[in-house]
Amino acid sequence: MAVPTEVRPVGVNVGPDGGPDVGTAVGTDVGTVAGFEEFARSAQQRLYRTAYLLCGDAEGARDLTQTTLAKLYQHWRRAGAADHPYAYAKTVLTRTFLSERRRRLRDLLALTRTGGTEPAPPADHTDLRVTLLGALAELPPRARAMVVLRYWEDQSVASVATLLRCSEATVKSQCSRSLARLRVRLADAGLSITES
């Protein structure tokens, strides 16, 4: 009989990064407040990182993460019973981001029609991280979501297509065009990216 060499709490799966696997519902009390709190503690940081890449700023990422967790809490019985609650949460996060961007675009269009002024473009930055976030911010929200999910979250084309309710061909073409735009933007800043 083999003896395990790794000690971990009972009922907790280990994810690919060695931390708790928030993608499964093991150890989570499905449909209870305690189950939601356990999930929120374990998933909040990962959700925030994805939200930061989508929003491009800390305040927007915090708001998006909190909105996502609030929506999950409202529907925790269904979300907690999902095979992969973290994937469910990421779907909620992405769709909330896209919905808010559409609303902001409508508000901006209404403002410009009534004679309001357009916000100033972001300043140029030389730091890679800031430059990359600035370049991501220039992409349309849906294209940005595709790039973040495909390359940051390392999801397959099929899963991104399912998540965003579009065809795989759309994901491939949008990602290709978006990467081309990012390459141009980063080349202007003296940086380059390679696709793995």
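Located above this text is the structure these notes cover.
All values derive from a computational prediction rather than experimental measurement.

Quick notes on the overall build of the protein
Then step 1. Within the protein one finds eight helices and zero strands.
Then step 2. Along its sequence from the N terminus, the protein presents helices and strands in the succession α-α-α-α-α-α-α-α.
Then step 3. Counting across all 196 residues of the protein, residues that qualify as buried make up 34%.
Then step 4. Considering only residue pairs separated by 6 or more positions, the protein has 60% of its internal contacts joining residues 24 or more positions apart.

Some words on the nonpolar core
Then step 1. If you look at the biggest cluster of nonpolar residues, it comprises 39 residues, and the most contacted ones within it are F39, L47, L72, L136, L164, V171 and L182.
Then step 2. Sorting the residues of this core by element identifies α1 (33-55), α2 (58-74), α3 (76-80), α4 (85-113), α5 (128-138), α6 (141-152), α7 (157-164) and α8 (168-188) as the ones contributing at least two each.
Then step 3. If one sorts the elements of this core by residue count, α1 sits on top with nine residues.
Then step 4. Leave out the neighbours within four places in its chain, and L136 touches L53, R144, V147 and L182.

What about the environment of L93?
Then step 1. Examined against the element boundaries, L93 turns out to sit in helix α4.
Then step 2. Under the relative-accessibility criterion, L93 is labelled buried at 0%.
Then step 3. Along the chain, L93 and L72 lie 21 residues apart, while their C-alpha atoms are 9.6 Å from each other.
Then step 4. Dropping the residues within four chain positions of it, L93 is found in contact with L47, T50, A51, L54, L64, T65 and T68.

Observations regarding the packing of aromatic side chains
Then step 1. A full pass over the atoms with the stated rule returns four aromatic pairs.
Then step 2. Taking the centre distance of 5.1 Å and the plane angle of 65° together, the rings of F36 and Y73 count as edge-to-face. With F36 in helix α1 and Y73 in helix α2, the pair connects residues that are 37 residues apart, well separated along the chain.
Then step 3. Exposure remark for F36: the relative accessible area of 10% places this residue in the buried category.
Then step 4. On the basis of an interplanar angle of 75° and a centroid distance of 5.5 Å, the ring pair of F36 and W76 is categorised as edge-to-face. Highlighted residues: F36 in helix α1 and W76 in helix α3, separated in sequence by 40 residues.

Observations concerning the pattern of salt bridges
Then step 1. Scanning all chains against the criterion turns up two salt bridges.
Then step 2. Between E153 and K90 there is a salt bridge; the shortest N-O distance is 3.0 Å. Taken together, the positions of E153 in the loop between α6 and α7 and K90 in helix α4 put the pair 63 residues apart, joining distant regions of the chain.
Then step 3. With a relative accessible area of 17%, E153 lands in the buried category.
Then step 4. On the basis of relative accessibility, which here comes to 8%, the residue K90 falls in the buried class.
Then step 5. Linking E138 and R185 is a salt bridge whose minimum nitrogen-to-oxygen distance equals 2.8 Å. One end of the pair, E138, is in helix α5; the other, R185, is in helix α8, with 47 residues separating them in the sequence.
Then step 6. Accessibility expressed as a relative area gives 41% for E138, which makes it partly exposed.
Then step 7. Here R185 falls in the buried class, since its relative accessible area comes to 15%.

What counts and how
Residues numbered from 1 in each chain as written. Predicted model: local features only at pLDDT ≥ 70, side-chain atom pairs only at ≥ 80, totals over all residues. Heavy atoms only, no water. Helix = DSSP H or I, 4+ residues; strand = E, 2+ residues; numbered from the N terminus. Buried < 20%, exposed > 50% of the residue type's maximum accessible area, 1.4 Å probe, protein only. Contact = heavy atoms within 4.5 Å. Core = buried A, V, L, I, M, F, W, Y, C linked by side-chain atoms within 4.5 Å. Phe/Tyr/Trp six-rings, centres within 6.5 Å; stacked < 30°, edge-to-face > 60°. Salt bridge = Lys/Arg side-chain N within 4 Å of Asp/Glu carboxyl O.

Shape is all these values report; function is a separate question.
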